[in-house]
Amino acid sequence: YVRDIDNTEDYVVSTKLMVLRNASNQLNTDYLYHFLTFQGTIDYLQKRAENRIGSFPQITFDIVKTIKIWLPELQVQKQIAKVLSDLDTKIEVNNKLNQELEAMAKTLYDYWFVQFDFPMSKEYANSIGKPELAGKPYKAYGGKMLYNAELKREIPEGWEVKELNALTTIVNRGIGPKYIEKGGIPVINQRCIRGKEIDFELTRRHDLENKNTSKLIEQYDILVNSTGVGTLGRSAVVKYLVDQKVTVDSHVTIVRADQEKVNTKYLAFSITELQPYIEQLGVGSTGQTELSRTELGKLNIILPVANLQSKFSKIIKNIWQKQSNNQKENQKLAELRDWLLPMLMNGQVRVEK
């Protein structure tokens, strides 16, 4: 749905898209948008496209013209559209809040673990005879830096660099699922992982009777897309689970922190920040690029002192909890919208004037 464009001549669409423009004073544009996103309309268009004889499936204008739309009076259309748009607006607000929270978390991570201006501890400030520096940015106020051969740059005194393999209990691909329509457990695939988030609505169901469940994911696992150019390297943290049992398919790698060696949340956030480097680890021909667990396991991870990892973990846990709550609310709002939409569109449910 295209809104708020000042000059339409600045934009073009490809030949794979069709532009529909409302030219009737008897049809509300918002109402038309929601009608076209109604699953019944989508199913109708797909079926007509697939049944075209002697041609690849495609939705033509002739097919679109055959759609029959329930057209109540204009005021009722506006009321129906408002109910649905209000739900969409709340979902958009939650998404923007999550983007802002993510930006806050990234800024904190960069400030502490990239620029090394984390708050100087009282113990360190006392050890260098400058107690007044406690809480000041470490590097900016002269905190000691040491050269690290693996990274070929300086890092704060007392920090280490470890390969990912040394900090994890699991770096493994998922299962080859047996898909079913209902029942079973959710399977996260590569499409589900985008923008450092997991879209559980895109999961499919796996038949528990057909395959083992030894590769179930846990909260704060890191999931890394591991095949295909443009997809490989995308990663996300499991901030919450939609079911007691959730797994991933064989195109996704599960990374699980060894809690005795590294803070789980610190490692999880660090890996998502290393996504550009992970993308470069793929090998193979175009379209068939693979990320091996061996190469992923060699990834160098900066390991700050334990108390700083813990301090970061407490902050990031609070941020992730807020994001998870917004995502769960969005899922309920989307379910409500999708439940109401067909009944509003065919007149089963009326909106009070």
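Scroll up to find the structure.
For clarity, every value in this text was computed on a predicted model and none was experimentally measured.

Parameters and conventions
- Residues numbered from 1 in each chain as written.
- Predicted model: local features only at pLDDT ≥ 70, side-chain atom pairs only at ≥ 80, totals over all residues.
- Heavy atoms only, no water.
- Helix = DSSP H or I, 4+ residues; strand = E, 2+ residues; numbered from the N terminus.
- Buried < 20%, exposed > 50% of the residue type's maximum accessible area, 1.4 Å probe, protein only.
- Contact = heavy atoms within 4.5 Å.
- Areas by Shrake-Rupley, 256 points an atom, 1.4 Å probe, with all protein chains shown as cover.
- Lys, Arg positive; Asp, Glu negative; His and termini not counted.
- Charge placed at Lys NZ, Arg CZ, Asp CG, Glu CD.
- Phe/Tyr/Trp six-rings, centres within 6.5 Å; stacked < 30°, edge-to-face > 60°.
- Lys NZ or Arg CZ within 6 Å of the ring centre and 35° of its normal.
- Pairing = 2+ DSSP bridges.
- Axes fitted to C-alpha atoms, helices over the stretch in contact; angles between N-to-C directions.
- Patch = residues over 30% accessible without salt bridge, like charges linked within 9 Å, V, L, I, M, F, W, Y side chains within 5 Å.
- Salt bridge = Lys/Arg side-chain N within 4 Å of Asp/Glu carboxyl O.
- Core = buried A, V, L, I, M, F, W, Y, C linked by side-chain atoms within 4.5 Å.

Moving on: the overall build of the chain. When its secondary structure is counted, the chain shows nine helices and 14 strands. Relative to its full complement of 353 residues, the chain shows a buried share of 41%. Considering only contacts in the chain between residues 6 or more positions apart, those separated by 24 or more positions represent 71%. For the chain, the accessible surface area stands at approximately 20900 Å², while carbon and sulfur atoms represent 49% of it. Counting 48 positive and 43 negative side-chain charges, the chain places the centres of these two groups 2 Å from one another.

It is worth spelling out the packing of aromatic side chains at this point. A full pass over the atoms with the stated rule returns 19 aromatic pairs. Ring centres 5.5 Å apart and planes at 85° place the aromatic pair Phe116 and Trp159 in the edge-to-face group. One end of the pair, Phe116, is in the loop between helix H4 (74–114) and helix H5 (122–127); the other, Trp159, is in the loop between strand E2 (153–156) and strand E3 (160–163), with 43 residues separating them in the sequence. Taking relative accessible area as the criterion, Trp159 reaches 8% and is therefore assigned buried. Ring centres of Phe200 and Tyr240 lie 5.3 Å apart, and the angle between their planes is 55°; on these two criteria the pair is classed as tilted. In this pair, Phe200 is assigned in the loop between strand E8 (197–198) and strand E9 (204–206) and Tyr240 in the loop between strand E11 (235–237) and strand E12 (247–248), connecting sequence segments 40 residues apart. In this structure Phe200 comes out as buried when scored by relative accessible area, which is 9%. Overall, the relative accessible area of 9% leaves Tyr240 in the buried class. One cation-aromatic arrangement involves Arg204 over Tyr179; the distance from NZ or CZ to the ring centre is 3.8 Å. When the ring centre of Tyr220 is taken as reference, the NZ or CZ atom of Lys265 above it lies at 4.6 Å.

Below, the discussion takes up the sheet that holds strand E10 (residues 222–225). Taken together, four strands build an open sheet; the order of strands is E4-E13-E10-E11 and the sheet is antiparallel. Each end of this open sheet is capped by a strand with a single partner; those strands are strand E4 (168–173) and E11. On average, each strand axis in the sheet is inclined to that of its neighbour by 15°, with strand direction left out of account. Sheet topology places E10 next to strand E13 (residues 252–257); four bridges connect them, and they run antiparallel. In the sheet register, Asn225 faces E13, and the bridge partner there is Val252.

To continue, consider unusual backbone geometry. Among all residues except glycine, the phi angle is most often negative; among peptide bonds, the trans geometry is most common. Although it is not a glycine, Phe116 sits at a positive phi angle of roughly 65°. Note on Phe116: relative accessible area 2%, which makes it buried.

Next up on the list: a negative patch on the surface. Taken together, Asp4, Asp6, Glu9 and Asp10 make up a surface patch of like negative charges. Among the structural elements, Asp4 can be located in the segment before helix H1 (29–37). Of the residues examined, Asp4 reaches a relative accessible area of 78% and is grouped as exposed.

Our focus in this paragraph is the nonpolar core. Formed by 46 residues in total, the largest nonpolar core has its most connected members in Ile271 and Phe312. Of all elements in the fold, only H4, H5, E10, E13, helix H6 (264–273), strand E14 (300–303) and helix H9 (306–345) reach the threshold of two or more residues within this core. Of the residues forming this core, the biggest block, six residues, is contributed by H4. Those residues in contact with Ile271, other than ones at most four positions away along the chain, are Leu164, Ile222, Val224, Ser235, Val255, Ile278 and Ile301. Counting 21 residues, the second largest nonpolar core, distinct from the first, contains Leu45, Val64, Leu340 and Leu341.

Turning next to the sheet that holds strand E5 (residues 179–180). Spatially, the four strands line up as an open sheet ordered E5-E9-E6-E12, and their pairing is mixed. Bordering the open sheet on either side are E5 and E12, each of which pairs with just one other strand.

The subject of this paragraph is the environment of Tyr109. Along the chain, Tyr109 turns up in helix H4. Sequence-distant contacts of Tyr109, that is, excluding residues within four places in its chain, are made with Val114, Tyr266, Phe269, Ser270, Glu273 and Phe312.

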